[in-house]
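Each chain, written out:
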Amino acid sequence: MSTNHATRSASAPGKVILFGEHAVVYGQPAIAVPVTQVKANATVTPAPPGSGLTIVASDLGTDFRLDAPPDEPLTAAARLALSHCSAPEPDATLTLRSTIPIASGLGSGTAVSTALIRALAEFLGCPMETAELSALVFEIEKIHHGTPSGIDNTVVAYAQPVYFRRGQPVERLAVGAPFTLLIGDTGIRSSTREAVEQVRESRRRDPAHYDALFDQIGDVANQARRAIEAGRVDALGPLMDENHDLLIELGVSSPELDELVESARFGGAMGSKLSGAGRGGNMVALVEEDCVEEVAEELREAGASRVIVSTILQRTLQRIRNKTD
Ligand code: PMV
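Sequence order as written defines the numbering, with residues in each chain counted from 1. Local features are withheld for residues below a pLDDT of 70 in this predicted model, meaning they are given only at 70 or higher, and side-chain atom pairs are given and counted only at 80 or more; totals for whole chains, interfaces and linings count all residues. Hydrogens and waters are ignored; side-chain quantities use all the structure's heavy atoms.

It is worth spelling out the site of the ligand at this point. The full set close to the ligand counts 16 residues, and Lys-15, His-22, Ser-149, Asp-152 and Ala-277 are the nearest of them. Within 3.5 Å is the distance limit for a polar contact, defined as a pair of N or O atoms, with the added protein rule that one can donate a hydrogen and the other accept it, and that residues adjacent in sequence qualify only through two side-chain atoms. In this structure, an oxygen atom belonging to the ligand sits 3.0 Å away from a side-chain N or O atom of Asp-152. Computed with the Shrake-Rupley method and a 1.4 Å probe, the accessible areas treat only the protein chains shown as cover for residues. Relative to its unbound accessible area of 380 Å², the ligand is 96% covered by the protein chains. When residues are grouped by polarity, Ala, Val, Leu, Ile, Met, Phe, Trp, Tyr, Cys and Pro land in nonpolar, Asp, Glu, Lys and Arg in charged, and all others, Gly among them, in polar. Grouping the amino acids of the shell around the ligand by side-chain chemistry returns seven nonpolar, six polar and three charged. Note on definitions. A residue lies near a molecule or strand when any single heavy atom of the residue is within 4 Å of it.

So, on to the state of the cysteines. Disulfide assignment relies on a single distance test, namely cysteine sulfur atoms paired within 2.5 Å. Applying the stated criterion to the full structure yields one disulfide. Residue pairing for Cys-85: its cysteine sulfur links by disulfide to Cys-126, the two sulfurs lying 2.1 Å apart. Taking the sign of the S-S torsion, -75° for the link of Cys-85 and Cys-126, the bridge is left-handed. Here Cys-85 is found in the loop between α1 (73-84) and β5 (92-98), whereas its partner Cys-126 is found in the loop between α2 (108-123) and α3 (130-145), with 41 residues between them in sequence. On the accessibility criterion, Cys-126 (10% relative accessible area) is buried. Numbering goes from the N terminus for both helices and strands, where a helix is a DSSP run of H or I of at least four residues and a strand is a run of E of at least two. Relative accessibility thresholds used throughout: buried, under 20% of the residue-type maximum; exposed, over 50%; partly exposed, between the two (1.4 Å probe, protein chains only).

We call a set of buried Ala, Val, Leu, Ile, Met, Phe, Trp, Tyr and Cys residues a nonpolar core when their side-chain atoms join them within 4.5 Å. In this structure, Phe-19 and Phe-179 are the most contacted members of the largest nonpolar core, which totals 105 residues. Residues within four places of Phe-179 in sequence aside, it is in contact with Leu-18, Ile-228, Val-233, Leu-236, Leu-286, Ser-310, Thr-311 and Ile-312. Throughout, a contact is declared for two residues whenever any of their heavy atoms are within 4.5 Å.

Only strands joined by at least two bridges in the DSSP assignment are considered to pair. One open sheet holds the four strands; their spatial order is β9-β10-β8-β11, and the pairing between them is antiparallel. Each end of this open sheet is capped by a strand with a single partner; those strands are β9 (271-274) and β11 (306-312). Along the sheet, successive strands turn relative to each other by an average axial angle of 20°, direction set aside. Here seven bridges tie strand β8 (residues 179-185) to β11, and the two strands are oriented antiparallel to one another. Among the inter-strand pairings, Leu-181 is bridged to a residue of β11, identified as Ser-310. A fitted line through C-alpha atoms represents every axis, and for helices the fit uses only the stretch in contact; the resulting angles, taken between N-to-C directions, go from 0 to 180 degrees. Its contacts with the sheet place helix α7 (residues 233-250) against β8, β9 and β10 (282-287), and it is angled at close to 35° to β9. Against the sheet, helix α9 (residues 292-301) engages β8, β10 and β11, with an angle of about 15° to β8.

In this analysis, the expected span of each helix is defined as 1.5 Å times one less than the number of residues it contains. Between its terminal C-alpha atoms helix α6 (residues 207-230) stretches 35 Å, which fits the 34 Å expected from 24 residues at 1.5 Å a residue. Residues of α6 that are buried: Tyr-210, Leu-213, Phe-214, Ile-217, Gly-218, Val-220, Ala-221, Ala-224, Arg-225, Ala-227 and Ile-228. Downstream of α6 by one or two residues, Gly-231 has phi in the positive range, about 70°.

It is worth spelling out the side chain of Thr-110 at this point. Considering the arrangement of structural elements, one finds Thr-110 in helix α2. Excluding residues that lie within four positions of it along the chain, Thr-110 makes contacts with Val-137, Glu-141, Asp-152, Asn-153 and Val-156.

With that settled, the discussion passes to the pairing of β10. Counting buried positions over the six residues of β10 gives six, a clear majority of the element. Because side chains alternate across β10, one face comprises the buried residues Asn-282, Val-284 and Leu-286, and the other comprises Met-283, Ala-285 and Val-287, equally buried. Pairing between β8 and β10: six bridges, direction antiparallel. Looking at β10, one finds that Leu-182 is bridged to Ala-285. Pairing geometry for β9 and β10, over four bridges, is antiparallel. Bridge pairing in β10 places Lys-273 opposite Val-284.

As structure tokens, this is what we get:
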């Protein structure tokens, strides 16, 4: 392995879960897509000999050194990258920046770990396969969330729409027709760890009921996969509505999420649901191109602190765009 001391940068997108959150922890399939309108970036620059590695978390206004406690996620990610590359601590400054709102279901921690590990590995002259990168980020997800399913690191590392099932090989989704999403933020931060724990506790008390809900959510995710691949965008809206109702039954929605979900439908969305762990964070709505402004306005009036528009491109369109970027 050659050591390269030139400056290296990497970025990783945010993400939304379109179908299957929570049930995915229990082995059901889920669908997630990258959100490229927000991203995390990591830049590694050489530092004077003997200075070691400093991680500068610009958004937090904090610096970290490698001797931080083992459960500090940024330094844990850096240590993992070094050990994966069998490299000693380099003399370098690793600067992190992110435009992804934290603790809101858009994968901010995941994207930061992904960008950090990729940039550091490239600085060390040890580029990684996406599958290896995803596996390392999964280790950091465990620090953040306890028992993650692995969907977040997969969609963020691959930066493509994925159909994900715990323990199964990654399946990239072929998108049959483009579709547009509006992502509305309740502005309420929510802990994925606590939401997952709440569902686990509910299931412990009534396994049959919760397993039946997980099965129904998995069924919705499978129907959605077929609709996405066939380009049947019309079929996706009702499936999102159905998924949201099942998430309400799981107990992970909130009045603020329900309000945004309802107002998106009122504004003309084809369907809408909470996205991610729930109890706060973001919701997602499927909208026709000519309704984008109207639905975005409804969301803002209903209290959304931020609205992101994201179009998921057809697979073939994506290839053409990447070539000309
Ligand atoms: O990190 P979030 O808020 O996008 O939620 C992750 C999705 C869950 O299914 C709730 C947890 C998991 O690990 O899959």
